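Fold and contact review
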There are 2 protein chains.
Amino acid sequence: MSCHSLGAKGKPGFDLNACSVKPDVMARTQGSHSDITGPRVREAALRLFARHGYAAVSMRQIAAAVGVQAGALYNYTPDKQTLLFDLMRGHMEELLAAWDRAEPQGDAMAALEAFTRFHIRFNTSRADAVFVSYMELRNLEPANFAVIEGLRRDYETRLEAVLRHGAEAGTMVVAEPRIASMALIAMLTGVNTWYRAQGRLSLADVEAVYWDMVRRSVEG
Amino acid sequence: MSCHSLGAKGKPGFDLNACSVKPDVMARTQGSHSDITGPRVREAALRLFARHGYAAVSMRQIAAAVGVQAGALYNYTPDKQTLLFDLMRGHMEELLAAWDRAEPQGDAMAALEAFTRFHIRFNTSRADAVFVSYMELRNLEPANFAVIEGLRRDYETRLEAVLRHGAEAGTMVVAEPRIASMALIAMLTGVNTWYRAQGRLSLADVEAVYWDMVRRSVEG
DNA sequence: GTCTATAAACAGATAGAC
DNA sequence: GTCTATCTGTTTATAGAC
């Protein structure tokens, strides 16, 4: 054993990886793991891209983290660029879908609180994907960039709509809803740069601190 | 002329640079430009790092942008890592020095307004340096990272002190001064992601919008 | 101070064996 | 599906001519 636990990586140098014996698939052709290698490639790539940056990570490093040779990666992605794009698109689509499922029915102020708490919880639970989706925008080919940028704008527009409703209802003061939505999202996403699960404040504490600032910043 | 036959590099992506004929140094040895090449190397590196990322930019691309061969760059930096580090350290030190010069004498709320306006003005005037100093942290060697991280914390501490004074004086409500300082800086730095000088809003307009949100978020 | 040439390592991606 | 081997081009950095 000692392997097939997905993350037996040596990390510090991307070396060693030996073994990939999988008891439950022993009947398969030796070395064949199509059903689990795909997700592991994406997980390893996401982790490495977040840590070192897309351009600084080689396909060989990703392969080493997964426990396969570099050539095997091309069974799961046509090229490195598409691997990055799929990770980013997947994250943005999950973000939008999760918010659309969570969006409450109450008034604008309740919706703003829901957005604040949702954004903090969702983003801190997927720090690597959030980081990559923001930091690697400039490494996307133009066509791919346009797609991700569009999804990002969609998300901002969700918050912008909340702020507009609040302003129209008279419960909020928002001179520039579009700018305010970007400002608030930037503030909330900043949590990821310092929050640690083992830290002094619980996630509930963090939500409370930020919701207080968000509420005050737009309150009528 | 035509660039003293120096530049004129093909470089499909980073050409043009159209040599800078400097009349006052024409008497020098042909091809010798020590007094101007250094700054141009830093400017080109900053611009390229901001556009494409440190890891994605080669020394040859920087050289082509300057109009010299790659080997010549090593007269101005011992290596690529030091070039990045010097750019980031220079930016952070200038940021701190500029705020320390500008910091006003009034009460905490006046200081907060000054900080808000200063941060927006300074950062939008040096977008490339701001971008690089944040995005390339993970490409710094540990010792260099520690230096930049320390300078960044120093800057945050300046704002934190303002918020603490306001809270102590009773003119502000700030439950977590450290977190609030990071939240506000994240919000203000976000201006750089969308602000354009040719846009609908002037810099004064932008300052007013953000100052309104900042003030409301901490007002007692 | 800049050039040309080069060293030594590494990149993304592919071909064919098993 | 994975491996080994390889193709082709690029990387940082240095050496020595001018």
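In this text, all values refer to a predicted model and were calculated from it rather than measured experimentally.

Below, the discussion takes up the packing of aromatic side chains. Tallied over the entire structure, the rule returns 14 aromatic pairs over all chains. Seen in terms of ring centroids, Trp99(A) and Phe115(A) are 5.2 Å apart; in terms of plane orientation they differ by 80 degrees. Their pairing is edge-to-face. Of this pair, Trp99(A) sits in helix H3 (residues 80–102) while Phe115(A) sits in helix H4 (residues 108–124), and the two are 16 residues apart along the sequence. Here Trp194(B) and Tyr210(B) contribute two aromatic rings whose centre-to-centre distance is 6.4 Å and whose plane-to-plane angle is 15 degrees, an arrangement assigned as stacked. In this pair, Trp194(B) is assigned in the loop between helix H7 (177–189) and helix H8 (203–218) and Tyr210(B) in helix H8, connecting sequence segments 16 residues apart. You can call Tyr210(B) buried: its relative accessible area is 0%.

So, on to H4(A). Residue and element names in this part refer to chain A. Its 17 residues give H4 an end-to-end C-alpha distance of 24 Å, which sits within 8% of 24 Å, the value for a rise of 1.5 Å per residue. With twelve of 17 residues buried, H4 lies mostly within the body of the structure. Among all positions of H4, only Ala108, Met109, Ala111, Leu112, Phe115, Thr116, Phe118, His119, Ile120, Phe122, Asn123 and Thr124 are buried. Packed against the buried residues of H4 are H3, helix H5 (127–135), helix H6 (142–169), helix H7 (177–189) and helix H8 (203–218).

Here we take up the nonpolar core. Counting 129 residues, the largest nonpolar core has Ile62(A), Leu112(A), Tyr210(A), Ile62(B), Leu112(B) and Tyr210(B) as the members making the most contacts within it. Not counting the four nearest positions on each side in its chain, Tyr210(B) is found in contact with Ile179(A), Ala183(A), Thr116(B), Ile120(B), Met187(B), Leu188(B), Val191(B) and Trp194(B).

What follows covers the relation of the copies chain A and chain B. Once chain A is rotated about the relating axis by 180 degrees and shifted along it by 0.0 Å, it coincides with chain B to within an RMSD of 0.0 Å. Accordingly, the operation relating the two chain copies is best matched by a two-fold axis. Mapped onto chain B, 100% of the interface residues of chain A again fall at the interface, so both copies present the same surface.

What follows deals with the side chain of Asn139(B). Relative to the elements of secondary structure, Asn139(B) occurs in the loop between helix H5 (127–135) and helix H6 (142–169). A distance of 2.7 Å separates the side chain of Asn139(B) from the side chain of Glu136(B), its partner in a polar contact. Residues within four places of Asn139(B) in sequence aside, it is in contact with His52(A), Ala56(A), Tyr54(B), Gln81(B) and Leu84(B).

Enumeration over the complete set of coordinates arrives at 32 salt bridges over all chains. Of the charged contacts in the structure, one is a salt bridge between Arg215(A) and Glu219(A), with a shortest N-O distance of 3.0 Å. Arg215(A) gets classed as partly exposed once you look at its relative accessible area, which sits at 23%. Residue Glu219(A) is classed as partly exposed on the basis of its relative accessible area, which comes to 32%. Between Arg215(B) and Asp212(B) there is a salt bridge whose closest N-O contact spans 2.6 Å. You can see Arg215(B) and its partner Asp212(B) sitting in helix H8, three residues apart, about one turn around the helix. It is possible to trace a salt-bridge network through shared partners that takes in Glu149(A), Arg152(A), Glu156(A), Glu160(A), Arg164(A) and Arg178(A).

Right, let's get into the interface of chain A and chain B. Taken together, the contacts link 33 residues of chain A with 34 residues of chain B. Where chain A abuts chain B, roughly 2,900 Å² becomes buried across the two surfaces, and 64% of that area is made up of carbon and sulfur atoms. When residues of chain A are sorted by the area they lose upon contact with chain B, Arg138(A), Met213(A) and Arg216(A) head the list and together hold 24% of the total. Between chain A and chain B we count four salt bridges in total. Residues Glu136(B) and Arg138(A) are paired through a salt bridge, measuring 2.9 Å at the closest nitrogen-oxygen approach. Our enumeration of links across chain A and chain B arrives at ten residue pairs in polar contact (both at pLDDT 80 or more). Sort the elements by how many residues they give to the side of chain A that touches chain B and H7(A) lands first, with seven residues. Taken together, the residues that form the side of chain A that touches chain B break down as 20 nonpolar, six polar and seven charged.

UniProt's feature table lists "DNA-binding region" (unreviewed entry) at residues 58–77 of chain A, given in the numbering used throughout. Secondary structure across residues 58–77 of chain A divides into 40% helix and 0% strand, with the first and last C-alpha atoms of the span separated by 14 Å.

Thresholds applied
Each residue is numbered by its place in its chain's sequence as written, counting from 1. Numbering of ligands from 1 and lettering of chains from A proceed in the order in which they are written. Owing to the predicted nature of the model, reporting of local features is limited to residues with pLDDT of at least 70; listing and counting of side-chain atom pairs is limited to 80 or more, with chain, interface and lining totals taken over all residues. Hydrogens are left out, water is left out, and the side-chain values use all remaining heavy atoms of the structure. Note on aromatic pairs: the rings of Phe, Tyr and Trp (six-membered ring only in Trp) are paired at centre separations within 6.5 Å, and the planes decide the class, stacked below 30 degrees, edge-to-face beyond 60, tilted for the rest. Runs of E in the DSSP output that reach at least two residues are strands. Runs of H or I that reach at least four are helices, and both are numbered from the N terminus. Only protein chains enter the accessibility calculation, which uses a 1.4 Å probe; a residue is then buried when its area is under 20% of its type maximum, exposed when over 50%, and partly exposed in between. Here, expected helix span is obtained from the residue count minus one, scaled by 1.5 Å. Residues are treated as being in contact if the distance between any of their heavy atoms lies within 4.5 Å. Nonpolar core, defined: a set of buried Ala, Val, Leu, Ile, Met, Phe, Trp, Tyr and Cys residues in which side-chain atoms within 4.5 Å join the residues together. We place the copies in one frame by least squares, fitting the C-alpha atoms of every residue whose pLDDT is at least 70 in both. Pairs of N or O atoms are called polar contacts if they sit within 3.5 Å, as long as, within protein, a hydrogen donor faces a hydrogen acceptor (for residues adjacent in sequence, only side-chain-to-side-chain pairs). We count a salt bridge whenever a side-chain nitrogen from Lys or Arg sits within 4 Å of a carboxyl oxygen from Asp or Glu. The buried area of a pairing is the accessible area, by a 1.4 Å probe, that goes missing from both parts when the two are put together, added over both. Residue polarity is assigned by list, with Asp, Glu, Lys and Arg as charged and Ala, Val, Leu, Ile, Met, Phe, Trp, Tyr, Cys and Pro as nonpolar; anything else, Gly included, falls into the polar class. UniProt positions are given in the numbering used here, feature names are shortened, and annotations may be inferred rather than shown by experiment.

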